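For reference, the chains in residue letters:
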Amino acid sequence: MGPGGVAILCGAGLATRSNDTEFRFRQDSDFHYLTGFDHPNAVAVFRTDGGPTFTLFVEPRDPAMETWNGYRPGTEGAVAEYGADEAHGREELHSSLPELLKRSDRLFHVIGRNTELDARIIENLELMRRSSRAGAIPPEEIVDPRRALHEMRLFKTPEELAILRRGAAITHEAHHEAAKLAHGGNHEFEVEAVLDYTFRRRGSSGPAYGSIVGGGANATVLHYVQNNQPLKNDELLLIDAGCELEGYASDVTRTYPIGGTFSPAQRAVYEIVLEAQLASIEACKFGATLPEVHNASVRVLTRGMIDLGLLDIGLEEAIEKENYRRYYMHGTSHWIGLDVHDAGTYTEDGQPRQLAEGMLFSVEPGLYITADDENAKPELRGIGVRIEDDVVITADGYENLTESIPKEPGAVEAWVREGQSEE
Ligand code: MG
Ligand code: ZN
């Protein structure tokens, strides 16, 4: 922030689900990152202008409300449990603004999130301008804090990585339980339910994003979340699901043969995607870029599409003209962290940014052949395969946080068959 700064950051409120009921609370990722205070309607103030460094404005203790909605830390808890220098009731924020703004040169605030607070701040800045003869000088700049904050969030600390590894272990167990249900007659929603159950029973708050559980041609729908169809033996089941642990996401995709055995055509597609994913993971190193990671997959996938007869064109030309996009239409990576598609820029000075220690991202190539694709041999139609792991750059290479979740075809088949023997 530099000296002379004041930052005012708003936490999340409750979102209405229907009528007078609300979704379960989920704190804003930036607010969680800075405060760990995971209760609704809080505001954090950070100061480098000589005022208290960290102030929280929170919903005060209220025995009647707490009887209905549960514990609130209140102002006492904000200081004792969250390390705030000072804490005040949320209702005191507006009247505190003149004092908060009077010494600062730079105000860090996200405009447009909380229009009522925005209006109060602007009103106070105007009042200060009008009383300039009394010595009031409003801050010269209003800075969006997210650029600096998201740059911080991009680089995971050892403490964050420890949480992410624990989340990966829970996601591993959930995929294992899910794979065992990949048998004809079960339904996509049963698989989703066992994912949710395993996430919760192991201490995570639940899925980090809407789980994708797609059997057969549903695997070719990239953001399929209906998850309501029966599974059919000899089709594939694509599961893209990861838990959220202490706010941090894991994001893992595996593709399982329903019934426990890949057909030759499914296995051919699967092995191409796996080879692509391994090639991309090999490209993960200090100083490389995400487009390089992507291009490693594109090359393997495009060669595979030619081998499968999906593309009738030379490899270099297919890459050059992006013909592969018909069967591989998404990127290979996104940042991962408190948000499954995490904060942080992908370019720096107009160039893809260089990977550096602590950057965590997905590696998730796929190959998708829709059921009505007359260009594809009949046995290839309706096959969708994606394999996704979470990779962090280290000082001497990379660490694949989700590496222990099997993806070799034989190991994947074995997981599914474990479920069979339990039937
Ligand atoms: Mg995913
Ligand atoms: Zn992903």
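Model, not experiment: these values are computed from the prediction. Every chain is numbered on its own, with residues counted from 1 as its sequence reads. Working convention: letters from A go to chains and numbers from 1 go to ligands, in the order in which they are written. Given that the model is predicted, a residue must reach a pLDDT of at least 70 before its local features are reported, and side-chain atom pairs must reach 80 or more before they are shown or counted; all residues, however, enter totals for whole chains, interfaces and linings. To get the side-chain values, take all heavy atoms of the structure and skip hydrogens and water.

1. Side note on empty space enclosed by the protein
Definitions used throughout: a 1 Å grid over protein atoms alone; a cavity as a set of points that fits a 1.4 Å probe which cannot get out; a pocket as an open set with protein on both sides within 12 Å along at least five of seven lines; a lining residue as one with an atom within 4 Å of a point. Grid points are joined across faces, edges and corners, and a volume is the space filled by probe spheres set on the points. For the structure shown, the criterion picks out two cavities of 30 Å³ or more. Considered as a void within the structure, the largest cavity measures approximately 90 Å³ in volume. Ile8, Leu9, Cys10, Asp28, Asp30, Phe31, His109, Val110, Arg113, Arg146 and Leu149 together form the lining of the largest cavity. Put simply, the parts of the chain that give the lining of the largest cavity at least two residues each are β1 (5–10), α1 (29–35) and α6 (146–154). For helices the rule is a DSSP run of H or I covering at least 4 residues; for strands it is a run of E covering at least 2, with both sets numbered from the N terminus onward. The greatest single-element share of the lining of the largest cavity, amounting to three residues, is contributed by β1. Residues are grouped as follows: nonpolar covers Ala, Val, Leu, Ile, Met, Phe, Trp, Tyr, Cys and Pro; charged covers Asp, Glu, Lys and Arg; every other residue, Gly included, is treated as polar. Considering only residue class, the lining of the largest cavity consists of six nonpolar, one polar and four charged. Of the pockets and cavities examined, the second largest cavity occupies roughly 30 Å³. Looking at the second largest cavity, the residues that line it are Phe37, His39, Pro40, Val58, Glu59, Arg72 and Pro73. Class assignment for the residues of the lining of the second largest cavity results in four nonpolar, one polar and two charged.

2. Some words on the environment of Asp307
Within the secondary structure, Asp307 sits in helix α10 (residues 290–307). Only protein chains enter the area calculation, which uses a 1.4 Å probe; residues under 20% of their type maximum are buried, those over 50% are exposed, and those in between are partly exposed. Overall, the relative accessible area of 59% leaves Asp307 in the exposed class. In the structure, Asp307 is positioned 107 residues away from Ala414 in sequence and 27 Å away in space, judged by C-alpha atoms.

3. Digging into the coordination of the zinc ion (ligand 2)
Nitrogen, oxygen and sulfur within 2.8 Å of a metal are treated as its donors, or within 3.2 Å for sodium, potassium and calcium (Na, K, Ca); water is not counted, so a site can appear incomplete. Listed as protein donors to the zinc ion (ligand 2) are Asp251 (OD), His334 (NE2), Glu364 (OE) and Glu388 (OE); their distances from the metal cover 2.0 to 2.3 Å. Metal sites are grouped by the angles between bound donors: all angles between 85 and 135 degrees with four donors is tetrahedral, opposite donors over 155 degrees apart with the others between 65 and 115 is square planar for four donors and octahedral for six, and any other pattern is irregular. Around the zinc ion (ligand 2), the four donor atoms are arranged such that angles at the metal cover 80 to 153°; this shape is classified as irregular. Taken in chain order, the donor set of the zinc ion (ligand 2) reads D-x82-H-x29-E-x23-E. The distance between the zinc ion (ligand 2) and the magnesium ion (ligand 1) comes to 3.0 Å, with Asp251 serving as a donor to both metals.

4. Details of the sheet that holds strand β12 (residues 243–245)
Pairing within the open sheet is antiparallel, and its three strands lie in the order β9-β12-β13. Across the chains shown, the open sheet's two edge strands, defined by having one partner strand only, are β9 (206–207) and β13 (248–249). We treat two strands as partners when DSSP finds at least two bridges between them. Looking at chain direction, β9 and β12 are connected through two bridges and run antiparallel. Paired with Gly206 across the bridge in β12 is Glu244. Across the sheet, helix α7 (residues 158–179) lies against β12 and β13, angled at about 145° from β12, the strand it touches most. It only takes one pair of heavy atoms within 4.5 Å for two residues to be counted as in contact. To obtain an axis, a line is fitted to C-alpha atoms, over the contacting stretch when the element is a helix, and the angle between two such axes runs from 0 to 180 degrees between their N-to-C directions.

5. Quick look at the packing of helix α4 (residues 93–101) against helix α5 (residues 115–130)
Between two packed helices, the angle of one axis relative to the other and the distance separating the axes together describe the packing. Between α4 and α5, the least distance of the axes is 10 Å, while the angle of their chain directions is 40°. For the element pair α4 / α5, the angle class is oblique. Crossing angle aside, the handedness with which α4 passes α5 is right-handed. Facing α4, whose interface residues are Leu93, His94, Leu97, Pro98 and Leu101, α5 presents Glu116, Leu117, Arg120, Ile121, Asn124, Leu125 and Met128. Here the contact of α4 with α5 is composed, by residue class, of eight nonpolar, two polar and two charged. Geometric relationships in this document are graded by angle, where less than 35 degrees denotes roughly parallel, more than 145 denotes roughly antiparallel, 65 to 115 denotes roughly perpendicular, and other angles denote oblique. Should the near helix be turned anticlockwise from the far one by less than a right angle, the crossing is left-handed, and should it be turned clockwise, the crossing is right-handed.

6. Here's the deal with the pattern of salt bridges
Here, a salt bridge means any Lys or Arg side-chain nitrogen found within 4 Å of an Asp or Glu carboxyl oxygen. Considering all chains together, one arrives at 34 salt bridges under this definition. Two residues, Glu141 and Arg106, come together in a salt bridge whose shortest N-O distance is 3.1 Å. In this pair, Glu141 is assigned in strand β8 (residues 141–143) and Arg106 in strand β7 (residues 106–109), connecting sequence segments 35 residues apart. The partly exposed category is assigned to Glu141, whose relative accessible area is 39%. Residue Glu413 is joined to Arg267 by a salt bridge in which the shortest nitrogen-to-oxygen separation is 3.8 Å. Taken as a pair, Glu413 in helix α12 (residues 409–422) and Arg267 in helix α9 (residues 264–282) lie far apart in primary sequence, 146 residues in all. For Glu413, a relative accessible area of 9% translates into the label buried. Sharing partners across several salt bridges, the network here consists of Asp30, Arg153, Lys156, Asp339 and Asp342.

7. Examining the packing of aromatic side chains
Each Phe, Tyr or Trp ring (for Trp, its six-membered ring) is paired with any other whose centre lies within 6.5 Å, and the angle between the two planes then decides the class: stacked below 30 degrees, edge-to-face above 60, tilted in between. Applying the stated criterion to the full structure yields five aromatic pairs. Arranged with centres 4.8 Å apart and planes meeting at 45°, the rings of Phe262 and Tyr270 form a pair that is tilted. Both residues of the pair, Phe262 and Tyr270, belong to the buried class. Seen in terms of ring centroids, Trp335 and Phe361 are 6.2 Å apart; in terms of plane orientation they differ by 75°. Their pairing is edge-to-face. With a gap of 26 residues between them, Trp335 in the loop between α11 (315–320) and β15 (347–348) and Phe361 in strand β17 (residues 360–363) connect regions that are remote in the sequence. Since its relative accessible area comes to 0%, Trp335 is described here as buried. Judged by relative accessible area, which is 0%, Phe361 ranks as buried.

8. Here we look at the domain arrangement of the chain
Along its sequence, the chain is carved into domain 1 (5–151) and domain 2 (156–421). For the domains described, the bounds stem from an automatic or database domain assignment. Each of domain 1 and domain 2 has a C-alpha centre, and these two points are 39 Å apart. With seven residues of domain 1 at the contact, the number on the domain 2 side is 13 residues. Accessible surface is computed with a 1.4 Å probe, and the buried area is the amount of it that two parts give up when combined, taken over both parts together. Between domain 1 and domain 2, roughly 760 Å² of surface is buried when both sides are summed, and carbon and sulfur atoms account for 40% of that area. Linking domain 1 to domain 2 there are two salt bridges. Of the charged contacts in the structure, one is a salt bridge between Glu244 and Arg26, with a shortest N-O distance of 3.0 Å.

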